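Residue-level listing of the chains:
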Amino acid sequence: MDFTEKIVEVAKEIFETMVMVDVTAGTPLDEHVSRFECSLSAMVGFAGFKQGNLSIHAPDKVARGLTQDFLGMEVEEINEDVEDAMGELANMLAGSLKPFISENGGKVELSLPSVVHGEEYTLTVVNKADWVLVPFTVAHGDFLVGLELKKQS
Amino acid sequence: MGKAVLIIDDSTTMRKIVNRSLRQAGLEFDTVLEAGDGQEAIDLLASQKPDIILSDINMPNMDGIEFLKTKAADASIKDIPVVMVTTEGGSEDMVEQSMSLGASGCVKKPFTPDQVNEVLGPLL
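Residues numbered from 1 in each chain as written. Chains lettered and ligands numbered in written order. Predicted model: local features only at pLDDT ≥ 70, side-chain atom pairs only at ≥ 80, totals over all residues. Heavy atoms only, no water.

Participant: Would you mind going over the nonpolar core with me for this structure?
Facilitator: Membership of the largest hydrophobic core comes to 61 residues, with the highest contact counts inside it found for Met86(A) and Phe143(A). Among the elements that line this core, the one with the most residues is helix α3 (residues 80-101) of chain A, at ten residues. (Core = buried A, V, L, I, M, F, W, Y, C linked by side-chain atoms within 4.5 Å. Buried < 20%, exposed > 50% of the residue type's maximum accessible area, 1.4 Å probe, protein only. Helix = DSSP H or I, 4+ residues; strand = E, 2+ residues; numbered from the N terminus.)

Participant: Where do I start with the packing of helix α1 (residues 4-19) of chain A against helix α2 (residues 60-71) of chain A in this structure?
Facilitator: All names here are of chain A. For the pair α1 and α2, interaxial distance at closest approach is 8 Å and the crossing angle is 55 degrees. Viewed along their axes, α1 and α2 adopt a mutual orientation that is oblique. Only Leu66, Asp69 and Phe70 of α2 make contact with α1, whose side of the interface consists of Phe15, Met18 and Val19. Grouping the constituent residues of the contact of α1 with α2 by class yields five nonpolar, no polar and one charged. (Axes fitted to C-alpha atoms, helices over the stretch in contact; angles between N-to-C directions. Parallel < 35°, antiparallel > 145°, perpendicular 65-115°, else oblique. Contact = heavy atoms within 4.5 Å. Nonpolar A, V, L, I, M, F, W, Y, C, P; charged D, E, K, R; others polar.)

Participant: What is the right way to look at the pairing of strand β4 (residues 82-87) of chain B in this model?
Facilitator: Each regular strand shows side chains that alternate between the opposite faces of the sheet. All names here are of chain B. The buried fraction of β4 amounts to six of the six residues, a majority that puts the element mostly inside the structure. Pairing analysis gives three bridges linking strand β3 (residues 52-55) to β4, with the strands arranged parallel. When the bridges of β4 are listed, Leu54 appears paired with Val83. Pairing of β4 with strand β5 (residues 105-109) involves five bridges; the strand directions are parallel. Bridge pairing in β5 places Thr87 opposite Lys109. (Pairing = 2+ DSSP bridges.)

Participant: I tried to follow the pattern of salt bridges on my own but got confused; where do I start?
Facilitator: Close approach of charged atoms allows side chains of opposite charge to pair. The full count for this structure, using the stated rule, is ten salt bridges over all chains. The network of salt bridges with common partners includes Arg35(A), Glu37(A) and Glu120(A). (Salt bridge = Lys/Arg side-chain N within 4 Å of Asp/Glu carboxyl O.)

Participant: What am I meant to see in the confidence of the model for chain A here?
Facilitator: Reading predicted coordinates in detail is not appropriate for stretches of low pLDDT. With 97% of its residues at a pLDDT of 70 or more, chain A shows a mean pLDDT of 92. Across chain A, element-level confidence peaks in strand β1 (residues 24-25) of chain A with a mean pLDDT of 97 and bottoms out in strand β4 (residues 108-110) of chain A with 89. (pLDDT = per-residue confidence, 0-100.)

Participant: Can you help me understand the layout of surface pockets in this one?
Facilitator: Over the atoms, a rolling probe the size of a water molecule traces out where space has been left empty. Reported here for the largest pocket is a volume of approximately 770 Å³. Lining of the largest pocket is provided by 29 residues; of these, Glu88(A), Asn91(A), Leu112(A), Pro113(A) and Asn58(B) occupy positions nearest its centre. The set of elements that each furnish at least two residues to the lining of the largest pocket consists of α3, β4 and β5 (114-122) of chain A together with β4 and α4 (92-100) of chain B. Sorting elements by how many residues they give to the lining of the largest pocket places α3(A) first, with six residues. The class makeup of the residues in the lining of the largest pocket is nine nonpolar, eleven polar and nine charged. Size it by volume and the second largest pocket reaches roughly 220 Å³. As for the second largest pocket, its lining consists of 13 residues, and the residues nearest its centre are Lys98(A), Gly89(B), Gly90(B), Ser91(B) and Glu92(B). Taken together, the residues of the lining of the second largest pocket break down into two nonpolar, five polar and six charged. (1 Å grid on protein atoms, 1.4 Å probe; cavity = no way out; pocket = protein on both sides within 12 Å on 5 of 7 lines; lining within 4 Å. Points joined across faces, edges and corners; volume = space filled by probe spheres on them.)

Participant: Help me understand the packing of aromatic side chains, please; the structure alone is not making it clear to me.
Facilitator: Given two aromatic rings, their pairing is described by the distance between the two centres and the angle made by the two planes. Residue and element names in this part refer to chain A. Inspection of every chain in the model, using the stated rule, returns three aromatic pairs over all chains. With a centroid separation of 5.1 Å and 40 degrees between ring planes, the pair formed by Phe15 and Phe143 is classed as tilted. Within this pair, whereas Phe15 is found in helix α1, its partner Phe143 is found in strand β7 (residues 141-150), the two being separated by 128 residues in sequence. Judged by relative accessible area, Phe15 falls into the buried class, the value being 0%. The buried category is assigned to Phe143, whose relative accessible area is 1%. On the basis of an interplanar angle of 20 degrees and a centroid distance of 5.6 Å, the ring pair of Phe136 and Phe143 is categorised as stacked. The exposure classification of Phe136 matches that of Phe143, with both residues buried. Counting every residue linked through ring pairs, the aromatic cluster contains Phe15, Phe136 and Phe143. (Phe/Tyr/Trp six-rings, centres within 6.5 Å; stacked < 30°, edge-to-face > 60°.)

Participant: Help me understand the packing of α2(A) against α3(A), please; the structure alone is not making it clear to me.
Facilitator: The axes of two packed helices give the description: the angle between them and the distance between them. Residue and element names in this part refer to chain A. With their axes 9 Å apart at the nearest point, α2 and α3 run at an angle of 80 degrees to one another. The orientation of α2 relative to α3 falls into the category roughly perpendicular. Facing Ala63, Arg64, Leu66, Thr67, Phe70 and Leu71 of α2, the residues of α3 in contact are Asp81, Val82, Ala85, Met86, Glu88, Leu89 and Met92. Residue composition of the contact of α2 with α3, grouped by class: nine nonpolar, one polar and three charged.

Given below as structure tokens:
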């Protein structure tokens, strides 16, 4: 699975047009990251022809900063605005990637976004899934965009 | 009298994001009305007549499709233009259904200020 180029392309488009921030992509991670501290993860699932999920993992400070930029207003803490804004960013990323994931004509549907936030949590990879995690840097700091797709049997 | 817009979305955050996108597109409204679903919007339209409506499609209670049907049946509000706001990769069927029910246009996130202007500008 090589969706890295597409993830970088759609992430740059979304963050630069909707959030109005410059974003720089790094090198995809060699090892999967599943444990997060003082962070927020927003996920959207894929169902149908392909199953998996798209996720954004951001430290609290970065999630607040991105939400401030997205909404154009001050955000003091992780609240409903941050959860909704990060969920919407995951939704837009998943929606923009959907045509590439459903290539060969298979129908793929998106789930509603879900958000996890906490001092320490672990997210495990879907069983037998291919994955890619791409780091991005914005003025507020670094965050990850991940894509996991279940291997076709 | 200044222009007014009604933004319909079940997420208060999304209403803020849409409002910000309008300002970035240079579309300044004197009055920004908000509703959390289609039914709230219908109730609000009994007393307020905005120049344009921006509506989400998937909402609890009364969704964007039912809102368009209800609005079309009310002579006092049927001519107010509605632009659907959806996400790239969302249900194309519902977008097509919205257009066939009288929606004036559709903007798909992610959108640029120019794209917002292109769809909303001619309707104002």
